[in-house]
Amino acid sequence: MRYALGFLIFAPTALVAGGVFDGADVVFLGELHDNPAHHLRQAELVVELQPTALVFEMLTQAQADLVTPDLVADEAALEAALGWNASGWPDFSMYYPIFAAAPEAAYFGAAVPREVARAAMAEGVHTGFRGDAEVYGLTTPLPADQQSEREALQLAAHCDAMPEEMLPVMVDIQRLRDAELAYSAVQAFEAQGGPVVVITGNGHARMDWGAPVYLMAAAPALRVRSLGQGEDDGAPSGLFDLVESAPPADRGDPCAAFR
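Trainee: Any chance you could explain the overall build of the protein chain here in plain terms?
Mentor: Helix and strand counts for the protein chain come out as 10 helices and eight strands. For a compact globule of 259 residues, the expected C-alpha radius of gyration is about 18 Å, and the protein chain comes in at 18 Å, within 12% of that figure. Seen through its C-alpha atoms, the protein chain measures out along the principal axes to roughly 45 × 40 × 40 Å. In the protein chain, of all internal contacts separated by at least 6 residues, the share reaching a separation of at least 24 is 70%. Summed over its atoms, the accessible surface of the protein chain is roughly 11800 Å², and 56% of this surface lies on carbon and sulfur atoms. Averaged over its 13 positive side-chain charges, the protein chain has a centre that lies 3 Å from the centre of its 36 negative ones.

Okay, structure coming up:
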């Protein structure tokens, strides 16, 4: 069964993407980072889409440059080369099927290095951005209602333990990450043609204020589509071209560490 509202479509995971992504130049495949089923679905869609390039939120460009077909053929060697399991991201075994689904694709990284994030916190969101901040819309202030909503989401994501004065800074860092994903996708398309697939969290994949907004500001001619992946107890926030659901991950109490 499918449910449509505007350009938002909800579909069970078993349903293939069908024509939703047909003709797209760039496809954002969202996820909850710790849900293994989301990564398996991303791998299935990568097989279906056969992208020329893959962009990973989790990789810097230096890491992405290390990926070769021979390395992709060896999961342990690829993890070691990337230093993945020391990076803080969920275990590489969740993400490896995505790499294995497109060993011949070009790989691009969009991760914001910690030193760049620290500089952006101190000097402004445009600091360290690899592209033209004005062209990508990074210098345009957010509407007041969106700024407030995003700050509230940051507070909730940090279990209400984040100092209030840090919330605008955290929103700025998220915007920088959105813009970096958009920049990498544009670079990938210019170098390889389409389709380009972007692997990222749901928040960055949303069409109403995530990376697609910054991409379309810089490259409005590109056709962009997005998948959001929720769990059976709730859909992801935001607008997507397709929303799918999977069983929830067993993550315990995410706020225990804050308490």
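Alright, that's what it looks like, and here's the rest.
Trainee: What exactly am I supposed to notice about the pairing of strand β3 (residues 26–29) here?
Mentor: In summary, the side chains of a regular strand alternate between the two faces of the sheet. Along β3, one buried face is formed by Val26 and Phe28 and the opposite face, lined by Val27 and Leu29, is buried too. Taken together, the four bridges between β3 and strand β6 (residues 196–199) define a ladder with parallel strand orientation. Residue pairing for β6: Leu29 is matched across the bridge by Ile199. Sheet topology places β3 next to strand β7 (residues 224–231); four bridges connect them, and they run parallel.

Trainee: Please clarify how the confidence of the model for the protein chain should be interpreted in this entry.
Mentor: Detailed conclusions should not be drawn from predicted coordinates in areas where pLDDT is low. Overall, the prediction assigns the protein chain a mean pLDDT of 90, with 92% of residues at 70 or greater. Taken as a whole, residues 1–15 scores under 50 in pLDDT and shows 38 contacts with residues more than four places along the chain or in a different chain.

Trainee: What is the right way to look at unusual backbone geometry in this model?
Mentor: For residues besides glycine, phi is generally negative; the peptide bonds are generally trans as well. With omega at 0°, the peptide bond leading from Gly194 into Pro195 counts as cis. As for its position among the elements, Pro195 is in the loop between α8 (167–192) and β6. Unusually for a residue other than glycine, Cys159 sits at a positive phi of about 55°. If you trace the backbone, Cys159 turns up in the loop between α7 (144–157) and α8.

Trainee: What exactly am I supposed to notice about helix α10 (residues 211–218) here?
Mentor: Because each turn of an α-helix spans 3.6 residues, side chains separated by three or four positions in sequence point in the same direction. Inspection of α10 places Ala211, Pro212, Tyr214 and Leu215 among the buried residues, and these make up the whole buried set. An end-on view of α10 places all buried positions within 160° of arc, on one side of the element. Buried residues along α10 sit in contact with β3, α8, α9 (202–205) and β7.

Trainee: Before we go on, may I ask you to explain the state of the cysteines in this structure?
Mentor: Linking two cysteines covalently through their sulfur atoms gives a disulfide. Under the criterion given, the structure shown has one disulfide. Residue pairing for Cys159: its cysteine sulfur links by disulfide to Cys255, the two sulfurs lying 2.0 Å apart. Between Cys159 and Cys255, the S-S dihedral sits near -85°, and the bridge is therefore left-handed. Within this pair, whereas Cys159 is found in the loop between α7 and α8, its partner Cys255 is found in the segment after β8 (242–246), the two being separated by 96 residues in sequence.

Trainee: What is the right way to look at the packing of aromatic side chains in this model?
Mentor: Given two aromatic rings, one states the distance between the centres and the angle between the planes to describe the pair. Tallying each qualifying case throughout the model produces 11 aromatic pairs. Judged by centre distance (4.5 Å) and plane angle (15°), the rings of Phe56 and Phe99 are stacked. With Phe56 in strand β4 (residues 53–56) and Phe99 in helix α5 (residues 92–100), this residue pair connects regions lying 43 residues apart in the sequence. Using a relative accessible area of 0% as the deciding quantity, one classes Phe99 as buried.

Trainee: Would you mind going over the nonpolar core with me for this structure?
Mentor: Across soluble globular proteins, nonpolar side chains have a tendency to be buried as a group. Val26, Phe28, Val55, Phe129, Leu138, Leu176 and Leu215 are the most contacted members of the largest nonpolar core, which has 39 residues in total. Where this core is concerned, the elements lending two or more residues are β3, β4, β5 (106–109), α6 (114–123), α8, β6 and α10. Take this core: its biggest share by element is 10 residues, from α8. Every residue in contact with Phe129, bar those within four places of it in the chain, is listed here: Tyr136, Leu138, Leu176, Ala179, Glu180 and Tyr183.

The rules we used
Residues numbered from 1 in each chain as written. Predicted model: local features only at pLDDT ≥ 70, side-chain atom pairs only at ≥ 80, totals over all residues. Heavy atoms only, no water. Helix = DSSP H or I, 4+ residues; strand = E, 2+ residues; numbered from the N terminus. Rg over C-alpha atoms; globule rule 2.2 N^0.38 Å. Contact = heavy atoms within 4.5 Å. Areas by Shrake-Rupley, 256 points an atom, 1.4 Å probe, with all protein chains shown as cover. Lys, Arg positive; Asp, Glu negative; His and termini not counted. Charge placed at Lys NZ, Arg CZ, Asp CG, Glu CD. Buried < 20%, exposed > 50% of the residue type's maximum accessible area, 1.4 Å probe, protein only. Pairing = 2+ DSSP bridges. pLDDT = per-residue confidence, 0-100. Arc of directions from axis to C-beta. Disulfide = S-S within 2.5 Å. Phe/Tyr/Trp six-rings, centres within 6.5 Å; stacked < 30°, edge-to-face > 60°. Core = buried A, V, L, I, M, F, W, Y, C linked by side-chain atoms within 4.5 Å.

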